Amino acid sequence: MGLQDFADEPILAGAGLTRTYRLGSTRVPALKGVDIEIRRGDFVVVQGPSGSGKTTLINLLGLLDRPDGGSVLLDGRPVGAMDEDTLADLRRDRFGFVFQTFSLVPVLTAAENVAYPMALKGLPERECRQRALRLLERVGLAERTEVRPDLLSGGERQRVAIARAIANDPEVVLADEPTANLDSETASGVLDLMRDLNTERGVSFIVATHDPRIVARARRVVALRDGRMAGGA
Amino acid sequence: MTLWALAWRNVTRHRRRSLLTGGVVVFGFAAFALAGGFMAQSLEGLREGTIRSGMGHLQVADPAEFEGGSEGTLEHALPRAAEVEAILRADSEILEVMPRIDFVGLLTNGKRSVPFLGVGLDPPPEGRTMDHPKTLLEGRWLLDRSERGVILGAGLAKTLSLRVDDTVTLLATTGDGTLNAVDATVAGLADIPIKELDDRFLATSLGLASDLLAASGRVSKLVIVLRDTGGVGPARQRIRQALGARGIEAAVKGWEELAQFYRQVRVLYIGIFGFMGLVLVAVVLLAVANIMLMAAAERTREIGTLRAIGTRSGFIRRMFLAEGIVMAALGCAAGALLSLALRVVLNHSGIMLPPPPGATHGMPLHVKIYGVAYAAGALAMLATLALASWFPARRASRMPIIEALAHV
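Below is a short write-up of the structure. Everything quoted here is computed from the prediction, not taken from an experiment.

Description of the overall build of chain B
1) Next: Assigned secondary structure in chain B consists of 15 helices and twelve strands.
2) Next: For chain B, whose C-alpha radius of gyration is 31 Å, the value lies well above the compact-globule estimate of 22 Å for 408 residues.
3) Next: C-alpha extents for chain B along the principal axes are approximately 100 × 50 × 30 Å.
4) Next: Per-residue burial over chain B gives 48% buried out of 408 residues.
5) Next: In chain B, the share of contacts with a sequence separation of at least 24, taken over all contacts with a separation of at least 6, comes to 77%.
6) Next: Element-wise, carbon and sulfur atoms account for 61% of the exposed surface of chain B, whose accessible area totals about 19000 Å².

Here we look at the packing of helix α13 (residues 313-347) of chain B against helix α14 (residues 371-398) of chain B
Helix-helix packing is described using two parameters, namely the angle between the two axes and the distance between the axes.
Residue and element names in this part refer to chain B.
1) Next: Relative orientation of the contacting elements α13 and α14 amounts to 150°, with a least axis distance of 8 Å. On the basis of their axis angle, the class for α13 and α14 is roughly antiparallel. You can see that α13 and α14 cross each other, and the crossing is right-handed.

What to know about the interface of chain A and chain B
1) Next: Counting residues at the interface gives 26 residues for chain A and 21 residues for chain B.
2) Next: Each partner contributes to the roughly 2200 Å² buried at the junction of chain A and chain B, and carbon and sulfur atoms together form 61% of this total.
3) Next: When the buried surface of chain A facing chain B is broken down by residue, L64, V107 and Y116 of chain A rank first, second and third, together holding 27% of it.
4) Next: One can count three salt bridges joining chain A with chain B.
5) Next: A salt bridge links D89 of chain A to R312 of chain B; the shortest N-O distance between them is 2.4 Å.
6) Next: Connecting chain A to chain B are seven residue pairs in polar contact (both at pLDDT 80 or more).
7) Next: Within the residue set of the side of chain A that touches chain B, elements represented by two or more residues are β1 (12-23), α3 (84-94) and α4 (110-121) of chain A.
8) Next: Among the elements that make up the side of chain A that touches chain B, the one with the highest residue count is α3 of chain A (six residues).

Details of unusual backbone geometry
All names here are of chain A.
1) Next: Positive phi outside glycine occurs at D75, with the angle close to 55°.
2) Next: When you line up the elements, D75 lands in the loop between β4 (69-74) and β5 (77-78).
3) Next: At D169, a residue that is not glycine, the phi angle is positive and equals roughly 50°.
4) Next: Mapped onto the elements of the fold, D169 is located in the loop between α6 (154-165) and β7 (172-176).

Description of the environment of F315 of chain B
1) Next: Within the element layout of this structure, F315 of chain B appears in helix α13.
2) Next: As for F315 of chain B and L293 of chain B, which are separated by 22 residues in sequence, their C-alpha atoms are 18 Å apart.
3) Next: Filtering out sequence-adjacent residues up to four positions away, F315 of chain B remains in contact with Y116 of chain A together with L3 and L6 of chain B.

Some details on the packing of aromatic side chains
For any two aromatic rings, the description comes down to two numbers: the centre-to-centre distance and the angle of the planes.
Residues and elements named next belong to chain B.
1) Next: Applying the stated criterion to the full structure yields eight aromatic pairs over all chains.
2) Next: Measuring from ring centre to ring centre gives 5.7 Å for F29 and Y374, while their planes differ by 80°; the resulting arrangement is edge-to-face. Taken together, the positions of F29 in helix α2 (residues 15-55) and Y374 in helix α14 put the pair 345 residues apart, joining distant regions of the chain. Considered together, F29 and Y374 belong to a single accessibility category, that of buried residues.
3) Next: Ring centres of F103 and F116 lie 5.6 Å apart, and the angle between their planes is 85°; this geometry places the pair in the edge-to-face category.

Considerations on the pairing of strand β8 (residues 201-205) of chain B
Residue and element names in this part refer to chain B.
1) Next: For β8, the tally of buried residues reaches five of five residues, placing the bulk of the element in the interior.
2) Next: Pairing of strand β3 (residues 113-121) with β8, which is carried by five bridges, proceeds in the parallel orientation. Within β8, the residue paired with G118 across the bridge is L202.
3) Next: Relative to β8, strand β5 (residues 149-153) is paired through three bridges, and the arrangement is antiparallel. Within the sheet, the bridge partner assigned to I151 lies in β8 and is A203.

Points about the pattern of salt bridges
Residue and element names in this part refer to chain B.
1) Next: If you walk through the whole model with that rule in mind, you get 41 salt bridges over all chains.
2) Next: A salt bridge links K221 to D102; its shortest N-O distance comes to 3.3 Å. Of this pair, K221 sits in strand β9 (residues 221-226) while D102 is found in strand β2 (residues 94-108), placing the two residues 119 residues apart along the sequence.

Digging into the sheet that holds β5 of chain A
All names here are of chain A.
1) Next: With antiparallel pairing, the four strands of this open sheet are ordered in space as β2-β1-β4-β5. Pairing within the sheet leaves two strands with one partner each, and these edge strands are β2 (26-38) and β5.
2) Next: The pairing of β1 with β4 spans five bridges and is classified as antiparallel. Bridge assignment links T18 to a residue of β4, and that residue is G69.
3) Next: Of the strands in this sheet, β1, β2 and β4 touch helix α2 (residues 54-61), which is tilted by about 120° from β1.

Section: the environment of A190 of chain B
All names here are of chain B.
1) Next: Of note, A190 is situated in strand β7 (residues 179-190).
2) Next: In the structure, A190 is positioned 97 residues away from E93 in sequence and 31 Å away in space, judged by C-alpha atoms.
3) Next: Discounting residues that sit within four places of it in the chain, A190 has contacts with T135, L136, L137, I151, L152, G153, A154 and D198.

Observations concerning the packing of α6 of chain A against helix α7 (residues 184-201) of chain A
All names here are of chain A.
1) Next: With their axes 10 Å apart at the nearest point, α6 and α7 run at an angle of 15° to one another. On the basis of the axis angle, α6 is roughly parallel to α7. Considering the relative orientation of α6 and α7, their crossing is right-handed. Taken together, the residues of α7 that come into contact with α6 (itself represented by G155, Q158, R159 and I162) are T186, G189, V190, L193, M194 and L197.

Description of the nonpolar core
1) Next: If you look at the biggest cluster of nonpolar residues, it comprises 58 residues, and the most contacted ones within it are V60, L107, L152 and L170 of chain B.
2) Next: With near-sequence residues (within four places) excluded, V60 of chain B lies in contact with F66, L78, V84, L88, K221, L222, I224, I239, L243, A250, A251 and V252 of chain B.
3) Next: Core analysis: the second largest hydrophobic core is formed by 40 residues, V105 of chain A together with A296, A328 and A393 of chain B among them.

Regarding a nonpolar patch on the surface
1) Next: Side chains of V104, L117, I194 and L197 of chain B sit close together on the surface and give an oily, nonpolar patch of about 330 Å² of accessible area.
2) Next: On the secondary structure map, L117 of chain B appears in strand β3.

Considering α4 of chain A
Residue and element names in this part refer to chain A.
1) Next: Judged by how many residues are buried, α4 sits mostly within the fold: ten of twelve residues are covered.
2) Next: For α4, the set of buried residues is A110, A111, E112, N113, V114, A115, Y116, P117, M118 and L120.
3) Next: Where α4 ends, the next residue or the one after it, G122, has phi of about 100°, a positive value.

Considerations on the side chain of E96 of chain B
All names here are of chain B.
1) Next: Here E96 shows up in strand β2.
2) Next: A polar side-chain atom of E96 sits 2.8 Å from a polar atom in the side chain of R128.
3) Next: Excluding its chain neighbours within four sequence positions, the residues that come into contact with E96 are P125, R128, T129, V223, I224 and V225.

Analysis parameters
- Residues numbered from 1 in each chain as written.
- Chains lettered and ligands numbered in written order.
- Predicted model: local features only at pLDDT ≥ 70, side-chain atom pairs only at ≥ 80, totals over all residues.
- Heavy atoms only, no water.
- Helix = DSSP H or I, 4+ residues; strand = E, 2+ residues; numbered from the N terminus.
- Rg over C-alpha atoms; globule rule 2.2 N^0.38 Å.
- Buried < 20%, exposed > 50% of the residue type's maximum accessible area, 1.4 Å probe, protein only.
- Contact = heavy atoms within 4.5 Å.
- Areas by Shrake-Rupley, 256 points an atom, 1.4 Å probe, with all protein chains shown as cover.
- Axes fitted to C-alpha atoms, helices over the stretch in contact; angles between N-to-C directions.
- Parallel < 35°, antiparallel > 145°, perpendicular 65-115°, else oblique.
- Left-handed = near helix turned anticlockwise from the far one by under 90°.
- Buried area = accessible area lost by both parts, 1.4 Å probe.
- Salt bridge = Lys/Arg side-chain N within 4 Å of Asp/Glu carboxyl O.
- Polar contact = N/O pair within 3.5 Å; in protein donor to acceptor, adjacent residues only side chain to side chain.
- Phe/Tyr/Trp six-rings, centres within 6.5 Å; stacked < 30°, edge-to-face > 60°.
- Pairing = 2+ DSSP bridges.
- Core = buried A, V, L, I, M, F, W, Y, C linked by side-chain atoms within 4.5 Å.
- Patch = residues over 30% accessible without salt bridge, like charges linked within 9 Å, V, L, I, M, F, W, Y side chains within 5 Å.

As far as function goes, none of this settles anything; it's purely spatial.
Laid out in structure tokens, this is it:
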């Protein structure tokens, strides 16, 4: 096996993933055996209507939730047996997250929000700040670094969220409906930014969406229907 | 961004919640500081009152005298009293040494006789250091050691229909069993707070008591007044050593050993204020826990986000704990300022409190700055807020991340 073969190995994979939620006495199956592989530099769009299992898949691949069946593999190794602290450290060091509702820490400024994951990792405060300012400049928010999230527009908040997602140089960024709360123009800008970062930094993106504009610009599309792959993984 | 910086930011940015919590802490702390200061002031007043009521700081007597049960007059007189007095007077920390003779006898107005509990004393130093002159309802305090006057409890005087300047006769048994009588003039009437004692109390000069009892220089005890109440322990130690070195077998007791009533009141006060403190802590705990639970619920999504991006559960718990501690510290600081301001207002209010147990006169409300109460208040508030923060933090940190993120 050569170096090229290693590079082609999936960094993140889901094998036979199933997940069922309980709603009172009712059991609602969200995923019914999904297989997916993510390689370095991928830009994968998980597409499907509401309730198809997109968010559940993102949650499982992002180590935010544990599957009922199947396993999530990181660098080919299953993560199921890892404890919560280890999973938290993996999310901090190797993953980035962009949520539909931006999910910024309201008491922190834009720069502090971006610096937070770096501080968690133990980087010196000065370095965290300098790096956060550079990242905010990269996402076009050089003038808004000291503004709190409640004073930022939706597009600006999502840009801060993206800057935060790439703060620790992750290998994978998971984005769940990142343009759902944005107008067309802003959404297009956010999408361009994600694609640029994907190209520049080689960060893999997994984007759950039903936005046809994102689907149109995807390198690879995974379609989900009723918790199953509808084709293409 | 450190844990404490984040906690500080959360406290200062969630103003309404912080003000609510801080308000409860300020109230709790101020209540602790003021109640503790009042208790300390009351106990100090009671302590000084006990000492000045005649107890003195220390007493030196024959060991059997302290045990009681004396059969005859001066049966357990202090051995080598003059030598002991000289030793005591040589101690620079001792302000006064006052000999006393305790005795019993009959007081007669010529028509009727009533038993009394008498004390022969040295009037000038007793008048300077004790509260005897302040208890006088009528007349004057005794002038010197040889005065032929008596001070009577108002109850005793009433029983015998005596007034100031009336002549009375004191009858008592001398040390050798002989009955003796002397005449005296009523110099003053005293208000003794305990009725049973008021009906039997008689004080006279050491000279008259000595003549009546044929004491020949013997005394029941020496009462010592120190320059500083705090010096009782070391002074007792010094006196014991000095007497022991001369081979004098005398017992030395501090006021606290003798003042059983003070000890009982102290236990009662500590019990009452301790109970109040517990109630206060419970009220603060419930109020703050409620606010913290609401805060944790409001911040569920934020906690979900923090955990999603790699914050460990332990950090979330510590963050809430740190917020609780920051709020407790701020609340205690504000509470300290409030209690100091309220103290000034209360101490100048002129409010009179009813007489404490065993006293005949009320006293003005006075609150002391009592460091222990401030420390206890701060500790109680810190512990309460830490406890109130811990449970919602634990709940928040254990909630599944996806549930927290989906929280509305």
